Amino acid sequence: MGEPSATEQDSGEAPAHVIATRGLTKRYRGGQLAVDGLDLTVPAGSVFGFLGPNGSGKTTTIRMLMGLIEPTSGTARVLGRPMPRAGRTVLPQVGALIEGPALYGFLSGRDNLLRYDAADPTADPRTRRTRVAAALDRVGLTAAAGKKARAYSLGMKQRLGLAAALLQPRRLLVLDEPTNGLDPQGMREIRALIRELASDGTTVFLSSHLLDEIEQVCTHAAVMAQGRLITQGEVADLAAGARGRLVVTTPDPGEAARLLKEQGVGDVTADGDRVTGEPPERDLAEINAALVTAGVRVRGLTLERASLEDAFVALTGEGFDVAG
Ligand SMILES: Nc1ncnc2c1ncn2[C@@H]1O[C@H](COP(=O)(O)OP(=O)(O)OP(=O)(O)O)[C@@H](O)[C@H]1O
Ligand SMILES: [Mg+2]
């Protein structure tokens, strides 16, 4: 897919890629290279997970996409328009929740939203209360709407920030760690909400360091490590890229391990009655037959599905840890 044409801004046509960056780079004044040559492509209609450990450059990227900080080099297009230059036309179509939403502590949650809505010149004042009530309801804050925001828990603040992003229908939602601070029930609610928004046609770009969260809610993902893009694509393909492990359950683990190595199984490890390894490129039935012929009692022989976490470890050759 090529760059959107210069005439696109007049046509009002939806770009195929809601976010597209080329060589996007940010070096902070202190010298820290936070984002390094990022080429990110977010298809329209996707729920796109932006995954990476603490300090890998997720928030820095989001700040550049939203025009809050200038890139050191490279370009970013959002909804087909260059950022930060086209911010005035792009940002009203984007709902954003970025690390630690700014709230007035002395105002209630509802009054924070009324004030936020009033700051939007395109928002009709006559329907303001209805809009705010609907947003509060969507994030499950109706009962706590009258409480002062400074008395909100972290999860409640996060919900209020999300409500602010949902006041208007948006083409794109950019959510920086939307489930940060939420309890398991709250996480489930937000995940359901994200799916619902996506089914209405909103593209959702969300960052997370929780691999299983991305697997549960996202259609696409990009993996960051130390400011660099490791991979991006459909979640199903990313997980499939890492092969699962062969698991043999047997009361004869020593003999099974020896035979599996002979059969070309890599990285064989035995733990109790479980012997696991990297499956070779051949029919598992043959491996099973070889074990049985040699007198190994096989109780189970399965291929465990690879998770996104396996894919991440395979790609980076390391655990999901914070970079220095
Ligand atoms: N304002 C800043 N000035 C200098 N360095 C910064 C600044 N903000 C972030 N960094 C550094 O840039 C790198 C990337 O930080 P960033 O906040 O983008 O990571 P992140 O992926 O969002 O992490 P987390 O998962 O913890 O939110 C880190 O090494 C961080 O220390
Ligand atoms: Mg962050």
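Criteria and thresholds
- Residues numbered from 1 in each chain as written.
- Chains lettered and ligands numbered in written order.
- Predicted model: local features only at pLDDT ≥ 70, side-chain atom pairs only at ≥ 80, totals over all residues.
- Heavy atoms only, no water.
- Helix = DSSP H or I, 4+ residues; strand = E, 2+ residues; numbered from the N terminus.
- Polar contact = N/O pair within 3.5 Å; in protein donor to acceptor, adjacent residues only side chain to side chain.
- Phe/Tyr/Trp six-rings, centres within 6.5 Å; stacked < 30°, edge-to-face > 60°.
- Buried < 20%, exposed > 50% of the residue type's maximum accessible area, 1.4 Å probe, protein only.
- Lys NZ or Arg CZ within 6 Å of the ring centre and 35° of its normal.
- Pairing = 2+ DSSP bridges.
- Axes fitted to C-alpha atoms, helices over the stretch in contact; angles between N-to-C directions.
- Near = heavy atom within 4 Å.
- Nonpolar A, V, L, I, M, F, W, Y, C, P; charged D, E, K, R; others polar.

Caption draft 1: Representation of the environment of R77 within the structure. Its place among the elements puts R77 in strand β5 (residues 73-78). In sequence terms R77 and L65 are 12 residues apart; their C-alpha atoms lie 7.6 Å from each other. For R77, the side chain forms a polar contact with the main-chain oxygen of G80, separated by 2.9 Å.

Caption draft 2: Representation of the packing of aromatic side chains within the structure. Under the counting rule described, the total for this entry stands at 3 aromatic pairs. For the ring pair F48 and F205, a centre distance of 5.6 Å and an interplane angle of 25° mean the geometry is stacked. Here F48 is found in strand β4 (residues 47-51), whereas its partner F205 is found in strand β9 (residues 203-208), with 157 residues between them in sequence. Residue F48 is classed as buried on the basis of its relative accessible area of 1%. Linked through ring pairs, F48, F50 and F205 together constitute an aromatic cluster. Over the aromatic face of Y104 sits the side chain of R115, whose NZ or CZ is 4.2 Å from the ring centroid.

Caption draft 3: Structural detail: the sheet that holds strand β7 (residues 94-97). Overall, mixed pairing links the 6 strands, which are arranged β7-β8-β9-β4-β10-β11 in an open sheet. Each edge of the open sheet carries a strand with a single partner, namely β7 and β11 (228-234). Across the sheet, the mean angle from the axis of one strand to that of its neighbour is 10°, orientation sign disregarded. Pairing geometry for β4 and strand β10 (residues 220-225), over 4 bridges, is parallel.

Caption draft 4: Region of interest: the pairing of β4. Here β4 lies mainly inside the structure; 5 of its 5 residues are buried. Side chains of β4 alternate between two faces, with V47, G49 and L51 and F48 and F50 buried alike. Direction of pairing for β4 relative to β9: parallel, over a ladder of 5 bridges. Paired with L51 across the bridge in β9 is S208.

Caption draft 5: Region of interest: the site of ligand 1. Taken together, the neighbourhood of ligand 1 is formed by 13 residues, with G55, K58, T59, T60 and E99 sitting nearest. E177 has a polar side-chain atom sitting 3.3 Å from an oxygen atom of ligand 1. Ranked by residue count, the leading element in the shell around ligand 1 is helix α2 (residues 58-65), at 3 residues. Grouping the constituent residues of the shell around ligand 1 by class yields 3 nonpolar, 7 polar and 3 charged.

By themselves these figures say nothing about function.
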